[in-house]
Amino acid sequence: MEPIAEEILTLVKKKMAEQAAYDRDAYKELVEETIEYFREKGKLTDDDNDEFIEDQLMDMWGAVQGEFAKGK
C-alpha cells in the first residue's frame, strides 16, 4: 500500500473509533471524506489517483473490520 494510503487509513480508523461507525458504508464514507480532506490540505494532488487509493483502502475493509471486532 502507498504511504499516503496508509496515512489516510490511519485517520479513517481514528474517525471510525471516534464516531463509533463500524459498518462498511460508514467506512466507505469516511474513506471518501478523508481523501477529500487530504486533497484540500494539498497532501493529494491531481497527479494522485484518488480512485486507486480508494480501491486500495476499500480492499482493506476486511482487515479493518477485524481490528475493530477484536476491540482495538
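Scroll up a little and you will see the structure.
Note on numbering: residues in each chain are counted from 1, in written sequence order. Confidence filtering applies because this is a predicted model: local features only for residues at pLDDT of at least 70, side-chain atom pairs given and counted only at 80 or more, and all residues used for totals across whole chains, interfaces and linings. Processing note: side-chain calculations cover all non-hydrogen atoms of the structure and skip hydrogens and water entirely.

## Quick word on the overall build of the protein
Step number 1: Of regular secondary structure, the protein possesses 4 helices and 0 strands.
Step number 2: Only DSSP runs of H or I covering at least 4 residues are called helices, and only runs of E covering at least 2 are called strands; the numbering of each starts at the N terminus. Each helix and strand of the protein, ordered N terminal to C terminal, gives the series α-α-α-α.
Step number 3: Radius of gyration means the value over C-alpha atoms here, while the globule rule gives 2.2 Å times the residue count to the 0.38 power. By the compact-globule yardstick of 11 Å for 72 residues, the protein fits well, its C-alpha radius of gyration being 12 Å.
Step number 4: Overall size of the protein, expressed as C-alpha extent along the three principal axes, is 35 × 20 × 20 Å.
Step number 5: Relative accessibility under 20% of the residue-type maximum defines a buried residue, over 50% an exposed one, and the middle range a partly exposed one, all with a 1.4 Å probe and only protein chains included. By residue count, 33% of the 72 residues in the protein fall in the buried class.
Step number 6: Looking at the protein alone, contacts between residues at least 24 apart form 62% of all its contacts between residues at least 6 apart.
Step number 7: Each accessible area is a Shrake-Rupley result for a 1.4 Å probe, and residues are judged covered by the shown protein chains and nothing else. Looking at the protein as shown, the accessible area adds up to about 4,700 Å², and 45% of this sits on carbon and sulfur atoms.
Step number 8: Here the protein carries 10 positive and 20 negative side-chain charges, and the mean point of each set is 7 Å from the other. Only heavy atoms matter for contacts: two residues are in contact if any of them lie within 4.5 Å across the pair. Charged residues are defined here as Lys and Arg on the positive side and Asp and Glu on the negative side; His and the ends of the chain fall outside this count. We put the charge of a Lys on NZ, of an Arg on CZ, of an Asp on CG and of a Glu on CD.

## Focus on the environment of T45
Step number 1: Structurally, T45 can be placed in the loop between α2 (24-40) and α3 (50-59).
Step number 2: Sequence spacing of T45 and I8 is 37 residues, and the spatial spacing of their C-alpha atoms is 14 Å.

## Section: the side chain of Q56
Step number 1: Take Q56: it is sitting in helix α3.
Step number 2: We classify Q56 as buried; its relative accessible area is 16%.

So yeah, pure geometry; function would need other evidence.
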